[in-house]
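Here is how the chains run, residue by residue.
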Amino acid sequence: MAGGAILSGPGGRSSQYNRGRITFSVLLACFVGACTGLVFGYDIGIAGGVISYPDFQRRFFPQVLEAHADKDAFCKYNDPLLQLFVSVLFLAGIVGAFLGSFTAKQWGRRPTMMLGGLCFLIGAVLMAPAVHVAMLIIGRVVMGLGVGICVMCGPLFLSELAPYHLRGAFNTQFQLFITIGILVAQCINYGNQNYEWGWRLNLGLAGLPAALLMVGAALVPETPAHLVEVGREEQGRQVLRRIRGAEDVEVELQDIKDAAVAARSTKVNPWRAIFSRKFTPQLVTIVALQVFNQLDGINSIMFYAPQLFDAMGSGRREALMTHVIIGAVNVATTFVAVFTVDSLGRTFWMVEASAHMMACEVIMGVLIALKMDPVTGAIPKDITVGLIVVVCVFIAGHAWGWGPMPWLVCSEVQPMHTRAAGTALATIVNFILTFIIGQCFLSMLCSMRYGVFFFFAGWLAFMGVYTYFLVPETKGVPIEEIEYKFRNHWAWGKLMAKHDAAQEAKVVDDIADDLAAARGTSSCKVDVAKKGKPEM
Ligand code: BGC
């Protein structure tokens, strides 16, 4: 196999990397890459607030207003069209991520981010003046394409540019910017709630982060990995020198070149390669972590907290305020991940988050089961305050665990050849789950009631155990060497060894067949196995 870097394993050439210094150039690139999170976050934050604006409901979803009067507390927002408005973006995002995997590989990461920003901008321009529900949904679909492209490309761009020993801190900027986008949107939702046309402004303002991303992407360099992969080695060297602030970057460049040789020697299309047996450990890890990113229940809160607290009798104003508080806690606690991910590692935070978020889900379920009036939905004031505190502690778990770590690990575990397709797959899995939760949570709440919190608690228990045993720790390992972590893992290593043995046996069989054909005999398998490859 090409790629001595991969075989050299942790501590191979990485100890000889020139760490250089943190240059302005790499910081700017990090900021721009993280802006892909900003557009994603703005969208998540804005949707839940906008759908609670009376003027918005009157124009597009009058059935929700009418239904309020006679539905019980758990069911009053259970409207399929309303839920479709929230979640259709993620269906479009699946297509966007798939598209982005090709543009990121062919054109590069930078133009792909610009394309994502452009789609997001067009979506905002279509939605702000919407006069009927179709226009609204079309705008959201175009915006969704942009979100998909951005989300598949941002973490990839960040991971490829970051110095390996700080890759966690760089990559978690993506999640940090998601949380900032959510918070900004929540503040805007809160500030504009009294204006009839407030929702138009909220939707239109989405164009700002998109424009920021487009302009920023025009200013930053392409990643050295992509440049080397498409044969522009000298340019890759220059970029590496610029972002590392050092002249001698040859060791790191050599690792990238080895990975590129390995990537080029693979004739199989990256999408087929991901689903081949060889990549099973990475594939399973990506799918599992992205499913977990959603099944911790975060978006039941992010999308629908105003509806939940409104239903509990807090009043729309207080409910929107609660959303802002939750958003601020989300931003603040994400810094814990930024500052500790490269020392404490990825798996530590995922396991910790599973335990503490599970406890929060159980407490929320019990409080709602015991204290909520099932008809009016009202909850005593002091219990509501208690619930808000528990929700904030819950959010912290996502912010430093199940939020950033899946995005980080999924962008790290792929070899160069499948990296763009692999991060697109991560986005697709994430969006499918987000779509399902966006579409189903209010219906689940309506039918399962407080049981829905125990449902998420069950998942969290499983997630913690899975991560502890099956997710290899990737902190401090150069991105081109991570495959080695899987090879050394107690379970994945066995699977990979089995696959390698099967591959080797196949090669021996093929050679034997060739030899047999050349000699005109029926089989030479024994000869080959004993003597190795014959001279032909
Ligand atoms: C998730 C989003 C979620 C956000 C909340 C991200 O990691 O992918 O779906 O809304 O975190 O901060």
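Residues numbered from 1 in each chain as written. Predicted model: local features only at pLDDT ≥ 70, side-chain atom pairs only at ≥ 80, totals over all residues. Heavy atoms only, no water.

## Section: the overall build of the chain
Looking only at helices and strands, one finds 25 helices and zero strands in the chain. Expressed as a percentage of the 536 residues in the chain, the buried residues total 60%. Across the chain, contacts joining residues at least 24 apart in sequence account for 80% of those joining residues at least 6 apart. Accessible surface for the chain amounts to roughly 20,100 Å². Of this, 67% is attributable to carbon and sulfur atoms. (Helix = DSSP H or I, 4+ residues; strand = E, 2+ residues; numbered from the N terminus. Buried < 20%, exposed > 50% of the residue type's maximum accessible area, 1.4 Å probe, protein only. Contact = heavy atoms within 4.5 Å. Areas by Shrake-Rupley, 256 points an atom, 1.4 Å probe, with all protein chains shown as cover.)

## Thoughts on the site of the ligand
Contacts to the ligand come from 13 residues, most closely from Gln-175, Asn-293, Gln-294, Asn-299 and His-398. Here an oxygen atom of the ligand sits 2.9 Å away from a polar atom, N or O, in the side chain of Gln-294. Within the side chain of Trp-407, an N or O atom sits 3.3 Å from an oxygen atom of the ligand. Alone, the ligand offers 310 Å² of accessible surface; in the complex the protein occludes 100% of this. Elements represented by at least two residues in the shell around the ligand include exactly helix 8 (167–191) and helix 15 (280–295). (Near = heavy atom within 4 Å. Polar contact = N/O pair within 3.5 Å; in protein donor to acceptor, adjacent residues only side chain to side chain.)

## Quick look at the nonpolar core
Counting residues in hydrophobic clusters, the biggest one holds 150 residues, and the most contacted among them are Phe-40, Phe-56, Phe-85 and Trp-402. The element that contributes the greatest number of residues to this core is helix 21 (residues 416–448), accounting for 16 residues. Aside from chain neighbours lying at most four places away, what touches Phe-56 is Val-50, Ile-51, Phe-61, Phe-85, Leu-136, Trp-199 and Leu-203. (Core = buried A, V, L, I, M, F, W, Y, C linked by side-chain atoms within 4.5 Å.)

## Here we look at the environment of Met-463
Among the structural elements, Met-463 can be located in helix 22 (residues 451–470). Looking at Met-463, the relative accessible area reads 0%, which means it is buried. Put simply, Met-463 and Ala-353 are 110 residues apart on the chain and 9.6 Å apart in space, counted from C-alpha to C-alpha.

## Re the packing of helix 12 (residues 233–244) against helix 13 (residues 250–265)
Packing of helix 12 against helix 13 leaves a shortest axis separation of 10 Å and a crossing angle of 135 degrees. Our classification of the angle between helix 12 and helix 13 gives oblique. For helix 12 against helix 13, the interelement crossing comes out right-handed. Judged by residue contacts, Glu-233, Gly-236, Arg-237, Leu-240, Arg-241 and Arg-244 of helix 12 engage Glu-250, Glu-252, Leu-253, Ile-256 and Lys-257 from helix 13. When grouped by side-chain class, the residues that make up the contact of helix 12 with helix 13 number three nonpolar, one polar and seven charged. (Axes fitted to C-alpha atoms, helices over the stretch in contact; angles between N-to-C directions. Parallel < 35°, antiparallel > 145°, perpendicular 65-115°, else oblique. Left-handed = near helix turned anticlockwise from the far one by under 90°. Nonpolar A, V, L, I, M, F, W, Y, C, P; charged D, E, K, R; others polar.)

## Some words on the pattern of salt bridges
Using the criterion set out here, one finds 17 salt bridges in the structure. One salt bridge in this structure joins Glu-247 and Arg-241, with 3.7 Å as the shortest N-O distance. Residue Glu-247 is classed as exposed on the basis of its relative accessible area, which comes to 60%. When salt bridges with common partners are traced through the structure, they connect Glu-233, Glu-234, Arg-237, Glu-250 and Lys-257 into a single cluster. (Salt bridge = Lys/Arg side-chain N within 4 Å of Asp/Glu carboxyl O.)

## A closer look at the packing of aromatic side chains
On inspection of all chains with the given rule, the structure shows 25 aromatic pairs. Consider the rings of Phe-98 and Phe-102, whose centres lie 5.2 Å apart with planes at 85 degrees: the pair is edge-to-face. In this pair, Phe-98 and Phe-102 are both assigned in helix 5 (residues 80–106), four residues apart and thus about one turn of the helix distant. On the basis of relative accessible area, Phe-98 is assigned to the partly exposed category, the value being 40%. Here the aromatic rings of Tyr-468 and Phe-469 are separated by 5.0 Å at their centres, their planes lie at 90 degrees, and the arrangement is edge-to-face. The exposure class of Phe-469 is partly exposed, given its relative accessible area of 45%. Among the aromatic residues, those joined into a ring-pair cluster are Phe-56, Phe-60, Phe-61, Phe-85 and Trp-199. One Lys or Arg, Arg-140, reaches over the ring of Phe-85 and ends 4.7 Å from the middle of that ring. (Phe/Tyr/Trp six-rings, centres within 6.5 Å; stacked < 30°, edge-to-face > 60°. Lys NZ or Arg CZ within 6 Å of the ring centre and 35° of its normal.)

## So, helix 12
In this model, helix 12 (twelve residues) spans 16 Å end to end at C-alpha, consistent with the 16 Å of a helix rising 1.5 Å per residue. Every buried residue of helix 12 is accounted for by Gly-236, Arg-237, Val-239, Leu-240, Ile-243 and Arg-244. One face of helix 12 carries all of its buried residues, which in axial projection span an arc of 165 degrees. Residues of helix 12 that are buried in the fold lie against helix 2 (24–50), helix 7 (133–161), helix 11 (224–229) and helix 13. Of the residues flanking the end of helix 12, it is Gly-245, one or two places downstream, whose phi is positive at about 60 degrees. (Expected span 1.5 Å × (residues − 1). Arc of directions from axis to C-beta.)

## Observations regarding the confidence of the model for the chain
Per-residue confidence for the chain averages 86 on the pLDDT scale, and 90% of its residues sit at or above 70. A low-confidence stretch, residues 528–536 (pLDDT under 50), is modelled with twelve contacts involving residues beyond four sequence positions or located in other chains. (pLDDT = per-residue confidence, 0-100.)

## Observations regarding a nonpolar patch on the surface
Taken together, Val-362, Val-366, Leu-370, Tyr-450 and Phe-454 make up a surface patch of nonpolar side chains, about 430 Å² in accessible area. Here the element with the most residues in the nonpolar patch is helix 18 (residues 346–371); it accounts for three residues. Following the sequence through the fold, Leu-370 ends up in helix 18. What makes Leu-370 exposed here is its relative accessible area of 66%. (Patch = residues over 30% accessible without salt bridge, like charges linked within 9 Å, V, L, I, M, F, W, Y side chains within 5 Å.)

## Focus on helix 5
Taking 1.5 Å as the rise per residue, helix 5 with 27 residues should run 39 Å; its terminal C-alpha atoms sit 39 Å apart, in good agreement. In the structure, helix 5 departs most strongly from a straight axis at Val-86, where the bend amounts to approximately 45 degrees. Phi for Gly-108, located one or two positions after helix 5, is positive at around 120 degrees. (Bend = angle between axes of the 7 residues up to and from the residue.)

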